[in-house]
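# Observations on the model geometry
Chain by chain, the residues:
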Amino acid sequence: MDFVTHPETELMVATITHVGRRWMLMLYDGQGDHVGTEWHPSREAARDGMRRHMHALGLTETGDEP
C-alpha cells in the first residue's frame with residue numbers, strides 16, 4: 001500500500017491499495033475527510049491520479065513521495 005500524508009496535519013491525503021486485478025485510490029482532503037475513490041487498471045495509473053489529487057490540494061511532490 002502506498003500513502004501520502006499532509007505535511008501540516010499529518011492526516012491522510014491518498015492511499016493506493018491493490019484489490020484483485022485493480023488498484024484502488026482513496027482520496028482525502030488532508031483534514032480527515034474522505035472525498036472520493038477511484039479504480040485504476042495499474043499501479044502507475046493510480047499513482048498518476050494521486051499526483052493529480054496532490055496538485056489539486058496545492059501539495060508539491062517531494063523526494064519522499066511513494
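Let us look at the structure shown here. Values in this document were obtained by computation on a predicted structure and should not be read as measured data.

### Here's the deal with the pairing of strand 1 (residues 2–5)
Burial along strand 1 is one-sided: Asp2 and Val4 are buried, while Phe3 and Thr5, pointing the other way, are not. With four bridges joining them, strand 1 and strand 2 (residues 12–19) adopt antiparallel strand pairing. What sits directly across from Val4, in strand 2, is Ala14.

### Digging into unusual backbone geometry
Even without glycine at this site, Glu10 takes up a positive phi of about 60°. One can find Glu10 in the loop between strand 1 and strand 2.

### Focus: the nonpolar core
Membership of the largest hydrophobic core is limited to eleven residues, which are Val4, Val13, Ala14, Ile16, Trp23, Leu25, Leu27, Ala46, Met50, Met54 and Leu59. Elements with a minimum of two residues in this core: strand 2, strand 3 (22–28) and helix 1 (43–56).

### Description of the pattern of salt bridges
Evaluated as defined, the whole model comprises four salt bridges. Across the pair Asp2 and Arg47 runs a salt bridge whose closest N-O atoms are separated by 3.8 Å. On the criterion of sequence distance, the pair formed by Asp2 in strand 1 and Arg47 in helix 1 is long-range, its members being 45 residues apart. Of the charged contacts in the structure, one is a salt bridge between Asp48 and Arg51, with a shortest N-O distance of 3.0 Å. Taken as a pair, Asp48 and Arg51 lie in helix 1 at a separation of three residues, close to a single helical turn. Given the relative accessible area of 22%, Arg51 is considered partly exposed. Counted as one network, the salt bridges with shared partners bring together Asp2, Arg43, Glu44 and Arg47.

Parameters at a glance
Residues numbered from 1 in each chain as written. Predicted model: local features only at pLDDT ≥ 70, side-chain atom pairs only at ≥ 80, totals over all residues. Heavy atoms only, no water. Buried < 20%, exposed > 50% of the residue type's maximum accessible area, 1.4 Å probe, protein only. Helix = DSSP H or I, 4+ residues; strand = E, 2+ residues; numbered from the N terminus. Pairing = 2+ DSSP bridges. Core = buried A, V, L, I, M, F, W, Y, C linked by side-chain atoms within 4.5 Å. Salt bridge = Lys/Arg side-chain N within 4 Å of Asp/Glu carboxyl O.

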